[in-house]
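Residues per chain, in single letters:
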Amino acid sequence: MMNDAIILKVDDVIDERFRSLFPFQTFNRVQSQAVPIILESDRHCVVAAPTASGKTVIAIAAMVRELSKPSHGKILYIAPMRALTNEKESEWNGTFKKIGFNIYVVSGERELSEKRAMEADVIITTPEKWDSATRKYQTDRFAFVREVSCVIIDEVHLIDSDIRGGTLEVLISRIKRINKDKQLRIIALSATMPNIEDVAEWIGADEKEILKFNDSYRPVKLETDVFAYDPKESEFINKYVRLYKALNLIKKPLRDGHQALIFVTARDDAVRSARKLLEFFEKDGRMYLTEAEYEYVSELGKLIKNQTLSQTIRWGIAFHHAGLSKMDKDTVENLFRRGIIKVLISTSTLAWGVNLPARIVVIRDVEINDPLEGNKELSPIDLLQMLGRAGRPQYDDRGFGWVIVPYTKAEVYRQILKGGKEIESVLHESLPEHINAEIAMGTINNINEAREWIRTTFLYRCVRKNPAKYNNLDLNEKVKDEIKALISNGFVDFNPDTYDFHPTQLGIITSIYYVNIKTAHGCSVKEFY
């Protein structure tokens, strides 16, 4: 790796045609070391760096490398959720268009347009959308999938996520397989995790292309700790106990003119917490807004659709969640960026989707209520992502992050804050959907091919490295059992003479329409139309 003391100028390494993509004169420390390595070759590369260290700039440098070629391929930028793809769309659409390149964003409820994808130089999407597209890559309509030559994976450590991790993992394996006979480059961007080398080796990055930066590279120093409490029997009471403790943690920073983010796990909790904070502020009689700010938000409050929000912002308090109208969300984000909103209470979507850092972050809730699984703890990756919002580059020289947990869990969370969590695979929890998709595409036609496919996954690497963590899972038997279940439930046909598999119409439709196996089980083909 390069000398840490060297700070590169943009003009020294970026061709004049692309300099407008970098609206600053010098790269920071992380970028100064990573950008030259990104620009010098087409090798796979993994960059693991703290939040707010400028990984997006590294992604743009990889785009510059590909777009500089006389006959470049398509660039695929995979972001973990719709909020992030929308953010990139607003950031990049104009800047790339000005230098002659087309950006196409498809995520969420947007239907993929094959025509726009074919015309695009850069496609920005989510794992789920591209997983669906790659399932049809052999058709002429989806030929653009085969034209991708550079893949940038934002937040690759989310292969550990129980929500979308398996999809992202299988997608990376499939992208590599689709492009095995031509040049393909994968740039994976990650938070700093203890075993990022395992991910890098799975992707195919050589040792010198594993660029790992510790917390000393974070532009704003982050101090984190646990605030423990003694829980009562009622969780309803516990939420207010934790909120009151959060208020005690943010009072001094607020008095000193700083802002605070409080993370809760549900939309209703965000609203209720804002109302309760308003009661605290009114009772305390402490107004953190200037007279001019108060007059401004009082007028603005008349335009806000959410009645509770229109009341709380008069005291510098707001909440943010996916259920707010776009206008209300935009207003909250704008007021927070301007420093008028002093306390913002939010669900976890804000940690991933919108860049709104604050001096202090408090995670009030570490348990999520899942409708299917009941209460479960927030993943360490989500936890660290939320805490990473503490500290505003160019405004603060430090940030503070607090996690409020019961005394019995305090030490566990201190260890998470200290060392992070190793990235593991969760693919074994969603194998039926992915095996069915591979059989429907014709990439798995017999048990040997199924076993070859599982060997391309990160799961295979994880199980071999640490079998005890996966209860000594026998992947060959696991794959065999899942295929047997697909056959017995009508998704796959088995030929006893040739031992080959063939997808049934139900299996093909389930894959094409991206239907969960449990949902499709028992359905007739007619029910899909």
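About the cut-offs
Residues numbered from 1 in each chain as written. Predicted model: local features only at pLDDT ≥ 70, side-chain atom pairs only at ≥ 80, totals over all residues. Heavy atoms only, no water. Core = buried A, V, L, I, M, F, W, Y, C linked by side-chain atoms within 4.5 Å. Buried < 20%, exposed > 50% of the residue type's maximum accessible area, 1.4 Å probe, protein only. Helix = DSSP H or I, 4+ residues; strand = E, 2+ residues; numbered from the N terminus. Contact = heavy atoms within 4.5 Å. Polar contact = N/O pair within 3.5 Å; in protein donor to acceptor, adjacent residues only side chain to side chain. Pairing = 2+ DSSP bridges. Patch = residues over 30% accessible without salt bridge, like charges linked within 9 Å, V, L, I, M, F, W, Y side chains within 5 Å. Areas by Shrake-Rupley, 256 points an atom, 1.4 Å probe, with all protein chains shown as cover. Salt bridge = Lys/Arg side-chain N within 4 Å of Asp/Glu carboxyl O. Axes fitted to C-alpha atoms, helices over the stretch in contact; angles between N-to-C directions. Phe/Tyr/Trp six-rings, centres within 6.5 Å; stacked < 30°, edge-to-face > 60°.

Details of the nonpolar core
Okay, step 1: Ranked by size, the top nonpolar core spans 176 residues in total, and within it Trp130, Ile152, Ile363 and Leu383 carry the most contacts.
Okay, step 2: For this core, the element with the highest residue contribution is helix H3 (residues 55–67), accounting for nine residues.
Okay, step 3: If we ignore the near neighbours within four places in the chain, the residues touching Leu383 are Ile363, Val366, Leu378, Val403, Tyr413, Ile416 and Leu417.

Details of the environment of Arg185
Okay, step 1: Among the structural elements, Arg185 can be located in strand S6 (residues 185–190).
Okay, step 2: Residue classification places Arg185 among the buried positions, given a relative accessible area of 3%.
Okay, step 3: C-alpha of Arg185 to C-alpha of Asn195: the two residues are 10 residues apart in sequence and 21 Å apart in space.
Okay, step 4: Within the local environment of Arg185, its side chain forms a polar contact with the backbone oxygen of Ile38, the two atoms lying 3.0 Å apart.
Okay, step 5: Here Ser41 takes part through its backbone oxygen, which lies 3.1 Å from a polar atom of the side chain of Arg185.

Thoughts on the pairing of strand S1 (residues 45–48)
Okay, step 1: Here S1 shows two buried faces, one formed by Cys45 and Val47 and the other by Val46 and Ala48.
Okay, step 2: Of the strand pairs in this sheet, S1 and S6 are connected by four bridges, and their pairing is parallel. Note that in S6 the partner of Val47 across the bridge is Leu189.
Okay, step 3: With three bridges connecting them, S1 and strand S7 (residues 210–212) associate as parallel partners. When the sheet's bridge partners are listed, Ala48 is paired in S7 with Lys212.

Comments concerning the side chain of Asp198
Okay, step 1: Here Asp198 shows up in helix H8 (residues 196–203).
Okay, step 2: Looking at Asp198, the relative accessible area reads 13%, which means it is buried.
Okay, step 3: Setting aside anything within four residues of it in sequence, one finds Asp198 in contact with Phe458, Arg461 and Lys465.

Observations regarding the side chain of Thr167
Okay, step 1: Its location among the elements puts Thr167 in helix H7 (residues 165–178).
Okay, step 2: Looking at Thr167, the relative accessible area reads 11%, which means it is buried.
Okay, step 3: Contacts of Thr167, omitting those with residues within four sequence positions, involve Pro127, Glu128, Asp131, His434 and Tyr514.

Details of a nonpolar patch on the surface
Okay, step 1: On the surface, Ile508, Ile512 and Tyr513 cluster together into a nonpolar patch covering about 260 Å² of accessible area.
Okay, step 2: For Ile508, the position within the fold is in helix H21 (residues 505–512).
Okay, step 3: Among the residues examined, Ile508 registers a relative accessible area of 31% and is labelled partly exposed.

Considering the sheet that holds strand S5 (residues 148–153)
Sheet strands pair via backbone hydrogen bonds, and the direction of the pair is either parallel or antiparallel.
Okay, step 1: With respect to topology, seven strands assemble into an open sheet ordered S3-S4-S2-S5-S6-S1-S7, the strand pairing being parallel. Two strands in the sheet have a free side with no partner beyond their single neighbour: strand S3 (103–106) and S7. Geometrically, the sheet is characterised by an average inter-axis angle of 15° between neighbouring strands, direction not taken into account.
Okay, step 2: Contacting strand S2 (74–78), S3 and strand S4 (122–125), helix H4 (residues 82–98) runs over the sheet at an angle of about 165° to S3.
Okay, step 3: Here H7 sits on the sheet in contact with S2, S5 and S6, set at roughly 165° to S2.

Thoughts on the sheet that holds strand S8 (residues 221–229)
Okay, step 1: With parallel pairing, six strands are arranged side by side in an open sheet as S8-S15-S12-S9-S11-S10. Each edge of the sheet is formed by a strand with only one pairing partner; in this case those strands are S8 and strand S10 (317–320). Between one strand axis and the next, the sheet turns through 20° on average, direction left out of account.
Okay, step 2: Sheet topology note: the S10/strand S11 (residues 343–346) ladder contains four bridges and is parallel. Residue pairing for S11: Ala318 is matched across the bridge by Leu344.
Okay, step 3: Of the strands in this sheet, S8, strand S9 (260–263), strand S12 (360–363) and strand S15 (398–406) are in contact with helix H15 (residues 380–387), which crosses S12 at around 150°.
Okay, step 4: Helix H16 (residues 410–419) rests against S8 and S15 of the sheet, and its axis sits at about 170° to S8.

A few points about the packing of aromatic side chains
Okay, step 1: In this structure the tally under the stated criterion is 16 aromatic pairs.
Okay, step 2: Between Phe18 and Phe101, the ring centres sit 6.1 Å apart and the planes meet at 15°, which makes this aromatic pair stacked. On the criterion of sequence distance, the pair formed by Phe18 in the loop between helix H1 (10–13) and helix H2 (29–40) and Phe101 in the loop between H4 and S3 is long-range, its members being 83 residues apart. Assigned by exposure class, Phe18 and Phe101 land together as buried.
Okay, step 3: When the ring of Phe227 is compared with that of Trp402, the centres are 6.1 Å apart and the planes differ by 70°; the resulting orientation is edge-to-face. Taken together, the positions of Phe227 in strand S8 and Trp402 in strand S15 put the pair 175 residues apart, joining distant regions of the chain.
Okay, step 4: Relative accessible area serves as the criterion here: at 25%, Phe227 is assigned to the partly exposed category.

Overview of the pattern of salt bridges
Okay, step 1: One pass over the full model with this rule turns up 41 salt bridges.
Okay, step 2: In this structure, Lys276 engages Glu279 in a salt bridge whose closest nitrogen and oxygen atoms are separated by 3.2 Å. Residue Lys276 and its partner Glu279 are located together in helix H10 (residues 267–284), separated by three residues, close to a single helical turn.
Okay, step 3: Given a relative accessible area of 26%, Lys276 falls into the partly exposed group.
Okay, step 4: Ionic pairing is found between Lys469 and Glu422, a salt bridge with its closest N-O pair at 3.7 Å. Of this pair, Lys469 sits in the loop between helix H19 (458–465) and helix H20 (475–488) while Glu422 is found in the loop between H16 and helix H17 (431–441), placing the two residues 47 residues apart along the sequence.
Okay, step 5: The partly exposed category is assigned to Glu422, whose relative accessible area is 31%.
Okay, step 6: Connected via shared salt-bridge partners are Glu235, Lys239, Arg242, Asp269, Arg272, Arg364 and Asp365.

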